[in-house]
Amino acid sequence: MKHIQWFPGHMTKAMRMMEEQIKLVDGVLAVLDARAPAATRNKKLDTLFGAKPVLYILNKSDLADDRKTDAFLAEFARAGLTAVKCSANSAGAAKQLSAKISSLVREKFERDEKKGIVRPPKLMIAGVPNTGKSTVINALSGEKRAVTGDKAGVTRGKQWIRCAGFELLDTPGTMPPSFENQTLARHLAYIGSINDDILDMDDVALELLREIAQTYPQFLTERYKIEDFSSPLAMYEQVCRSRGFLLKGGDYDYERGAKAIVDDFRKGRLGRITLESAEAFAEYIR
Ligand SMILES: Nc1nc2c(ncn2[C@@H]2O[C@H](COP(=O)(O)OP(=O)(O)O)[C@@H](O)[C@H]2O)c(=O)[nH]1
Ligand SMILES: [Mg+2]
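Residues numbered from 1 in each chain as written. Chains lettered and ligands numbered in written order. Predicted model: local features only at pLDDT ≥ 70, side-chain atom pairs only at ≥ 80, totals over all residues. Heavy atoms only, no water.

1. Focus on the domain arrangement of the chain
Often, the extent of an interface is quoted as the loss of accessible area upon association of its parts. Domain boundaries assigned for the chain yield domain 1 (8–178) and domain 2 (182–282). Just the C-alpha atoms count here: the centres of domain 1 and domain 2 sit 31 Å apart. Counting residues at the interface gives 23 residues for domain 1 and 24 residues for domain 2. Taken over both partners, the interface formed by domain 1 and domain 2 buries close to 1800 Å², and the fraction arising from carbon and sulfur atoms is 56%. Between domain 1 and domain 2 we count one salt bridge in total. Here Arg-272 and Asp-66 are joined by a salt bridge, their closest N and O atoms 3.8 Å apart. Taken together, the links from domain 1 to domain 2 amount to 13 residue pairs in polar contact (both at pLDDT 80 or more). Broken down by secondary-structure element, the contributors of at least two residues to the side of domain 1 that touches domain 2 are helix H2 (37–40) and helix H4 (66–78). If one sorts the elements of the side of domain 1 that touches domain 2 by residue count, H4 sits on top with five residues. Considered class by class, the residues forming the side of domain 1 that touches domain 2 number twelve nonpolar, four polar and seven charged. (Domains from an automatic or database assignment. Contact = heavy atoms within 4.5 Å. Buried area = accessible area lost by both parts, 1.4 Å probe. Salt bridge = Lys/Arg side-chain N within 4 Å of Asp/Glu carboxyl O. Polar contact = N/O pair within 3.5 Å; in protein donor to acceptor, adjacent residues only side chain to side chain. Helix = DSSP H or I, 4+ residues; strand = E, 2+ residues; numbered from the N terminus. Nonpolar A, V, L, I, M, F, W, Y, C, P; charged D, E, K, R; others polar.)

So, in structure tokens, the structure goes:
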């Protein structure tokens, strides 16, 4: 697969914006994708977050392999980090997250109360593209969505959403994904965190088939009738055959095949798939 790259200029600009946002808040909700917690955890954020409490939200857990999500949660806990699994577009999400957020900022809140400060804790949402940041904001703001408007001084121009016991910055901090590790860069491509326009979708589909064949071959057999796992190309062509993606002369329509494979994975139509194992990627969590 071609080397996936990012443009350093974008990275610098995004990091600078995030630095500004961080100054305004008491804590951070870092939204990760439960299917790829290592790839979506951009460790550069740690430096930015500084000493602020962080809640790692393993979102889209409805699409992930639950056993592996639990293993990742254990790995976060082992590293002394607070993490929770979540499905932000499901009914119970707001309540579950609110409880976690309260305990995340409780210490600061109690300190403030003693000092006679009554303002509610402020939080921001951060994460790489497409992990569900906006969905988390919508879940937490719910029906009561109230923009509390401009505040004097540092918070000028920022909109805050009043939630149960805390306030949320209404603009999520979008982190550029980190491509230092190409395995993890591919995971970002599969989950849609990298603009498809800069990707070679044939490559993405082939690599995705190769990875899924290693861990969840049965899903490929179920959906695409794949029996021959000898090469990614053989699997790719079987997808085209089983879905009838053929061109006029009888050639395979690889373009439609690639789109179907990637789309099926992203929508969870292949089954609940986690791309990483907590053991193999522990170093990216710690
Ligand atoms: N299945 C599933 N889809 C989700 C979840 N959270 C968000 N999404 C979907 O993922 C896509 C990206 O979400 P969005 O909030 O726009 O991501 P953002 O780019 O981080 O703001 C949207 O189509 C959401 O509906 C989740 O927990 N489960
Ligand atoms: Mg968004």
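Don't stop here, the text continues.
2. Looking at the pattern of salt bridges
Scanning the entire structure with this criterion turns up 18 salt bridges. Here Glu-211 makes a salt bridge to Arg-186, at a shortest N to O gap of 3.5 Å. In this pair, Glu-211 sits in helix H8 (residues 201–215) while Arg-186 sits in helix H7 (residues 182–190), placing the two residues 25 residues apart along the sequence. Across the pair, exposure class does not vary: Glu-211 and Arg-186 are buried alike. (Buried < 20%, exposed > 50% of the residue type's maximum accessible area, 1.4 Å probe, protein only.)

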